[in-house]
Amino acid sequence: MKLRKVSAAAATALVLTLTATACGGDGDSEGGSGSGGGDKIKIGIKYDQPGLGLKEPDGSFSGFDVDVATYVAKELGYEPDQIEFVETKSADRENALARGDVKLIAATYSITDERKEKVDFAGPYLLAHQDLLVKTDSDISEATDLNGKNLCSVTGSTSAQNVKNDFAPKANLKETGGYSECLAGLQSGSVDALTTDDSILAGYAAQAQYKGKFKLAGLKLSNENYGIGVKKGDTETVNKVNAALEKMVKDGAWETAVKDNFGPANYEYEPAPKIGNIVK
Ligand code: GLU
């Protein structure tokens, strides 16, 4: 009787070990939680970017980044109900990966040389461009019009950096933690323009509450190559994510996702980039 009890416990332990191994082997690594059947993957996204990464009032998530993340997770062995989406604001992305808070980041995350010193990237999976969002009656149409104007962007974003270094060093730049704060400023008039990627701005301009109030300037001020952020040195995950992204383009899921998510905002997206092809 005693012997049988021991065997049962040993058998349970063996099953648990096998289950943990079968679940992508990521049960004990960062960004995953627990081991065995309840294995999860944590993925960083944005919560305030309609069409890209949005937390809906009912608690669900939508957007192109969410669809890409869900597809990639599936290829890594995680069903949608095993994904835990976590908000990663622009300034916190490198740290979130370094700390192991998340396994992947799919959050309009541009691949840059500076960021590559701290994190690794798979991709790119989308090419966007920096642009301006202004009130419909605004006469700001060029980056040079911004000097002396109140401009809003997000701390830790490439757009804020570009403004300071390049486009409008004399603009009165207000940096906020998230894009919603900039939008509120644009609406109230305390901000003359909001600058970030056109993919993000198109989503805001199309939102019901802003419809007809804002317009994009239509400037391609930079090339923003979106990558999936991975912890520095985790080449195995980078390779797996690259294979997943390639498959997503090949089987048509990428095209479906861009149409579904950018169609409502009439965003003219670029064709799917080739993996490893960074447009400077
Ligand atoms: N894609 C740009 C960046 O990675 C701007 C958008 C963002 O803040 O996420 O900084």
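Sequence positions are assigned chain by chain, starting from 1 and proceeding in written order. Side-chain atom pairs in this predicted model are given and counted only at pLDDT of 80 or more, local residue features only at pLDDT of at least 70, and totals for whole chains, interfaces and linings cover all residues. The side-chain numbers reported here are obtained from all heavy atoms of the structure, hydrogens and water having been left aside.

Caption draft 1: Local environment of the state of the cysteines. Any pair of cysteine sulfurs within 2.5 Å is marked as a disulfide. Scanning all chains against the criterion turns up one disulfide. Each disulfide pairs two cysteine sulfurs, and for Cys152 the partner residue is Cys182, the sulfurs being separated by 2.1 Å. Taking the torsion about the S-S bond as the criterion, the Cys152 to Cys182 disulfide, at about -80°, is left-handed. Of the two residues, Cys152 sits in strand 10 (residues 150-154) while Cys182 sits in helix 6 (residues 179-188), which places them 30 residues apart along the sequence. The two residues Cys152 and Cys182 agree in class, both being buried. Helix numbers and strand numbers start at the N terminus; a helix is a DSSP run of H or I with at least 4 residues, a strand a run of E with at least 2. Any residue under 20% of the maximum accessible area for its type is buried, any over 50% is exposed, and the rest in between are partly exposed; the area is computed with a 1.4 Å probe on protein chains only.

Caption draft 2: View of the packing of aromatic side chains. Pairing of aromatic rings covers Phe, Tyr and the six-membered ring of Trp, with a centre-to-centre limit of 6.5 Å; geometry is then stacked below 30 degrees between planes, edge-to-face above 60, and tilted otherwise. Enumeration according to the criterion identifies eleven aromatic pairs in this entry. Plain terms: the ring middles of Tyr109 and Phe121 are 4.9 Å apart, the flat faces sit at 65° to each other, and that makes the pair edge-to-face. Placement of the pair is Tyr109 in the loop between strand 7 (104-105) and helix 4 (113-116) and Phe121 in strand 8 (residues 119-128), with a sequence separation of twelve residues. Overall, the relative accessible area of 0% leaves Tyr109 in the buried class. An aromatic cluster of three or more residues is present, and its members are Phe64, Tyr125, Tyr226, Trp254, Phe262, Tyr267 and Tyr269.

Caption draft 3: Examining the pairing of strand 10 more closely. With respect to burial, strand 10 is a largely interior element, four of its five residues being buried. In terms of strand pairing, strand 10 meets strand 11 (residues 172-176) through five bridges, oriented parallel. When the sheet's bridge partners are listed, Val154 is paired in strand 11 with Thr176. Convention used here: a crossover is right-handed provided that the path from the first strand, over the helix, to the second strand proceeds clockwise when the strands point away from the viewer. What joins strand 10 to strand 11 is helix 5 (residues 158-167), and the crossover it makes is right-handed. Only strands that DSSP links by at least two bridges are regarded as paired with each other. Bridge analysis of strand 10 against strand 12 (residues 193-197) gives two bridges, and the strand direction is parallel. Bridge assignment links Cys152 to a residue of strand 12, and that residue is Leu194.

Caption draft 4: How the structure looks around the side chain of Asp131. Structurally, Asp131 is set in strand 9 (residues 130-135). Here Asp131 is buried and forms no salt bridge, its nearest opposite-charge partner Lys220 lying at an N-O distance of 7.4 Å. We call two residues in contact whenever any of their non-hydrogen atoms come within 4.5 Å of each other. Beyond its immediate stretch of four places on either side in the chain, Asp131 contacts Leu194, Thr195, Thr196, Asp198, Leu201, Leu216, Ala217, Gly218, Leu219 and Leu221. Positive charges come from Lys and Arg alone, negative charges from Asp and Glu alone, with His and the N- and C-terminal ends not counted. Between Lys or Arg on one side and Asp or Glu on the other, a salt bridge is scored when a side-chain nitrogen of the former is within 4 Å of a carboxyl oxygen of the latter.

Caption draft 5: The nonpolar core, seen in detail. Phe64, Leu104, Tyr125, Leu133, Leu194 and Ile228 are the most contacted members of the largest nonpolar core, which totals 52 residues. Looking at which element gives the most residues to this core, the answer is helix 2 (residues 64-75), with seven residues. Not counting the four nearest positions on each side in its chain, Leu133 is found in contact with Leu183, Leu186, Asp192, Ala193, Leu194, Leu201, Tyr204, Ala205, Phe214, Lys215 and Leu216. Of all hydrophobic cores here, the second largest spans twelve residues; its members include Ala143, Val163, Ala171 and Leu219. Residue types Ala, Val, Leu, Ile, Met, Phe, Trp, Tyr and Cys, when buried and joined through side-chain atoms within 4.5 Å, form a set referred to as a nonpolar core.

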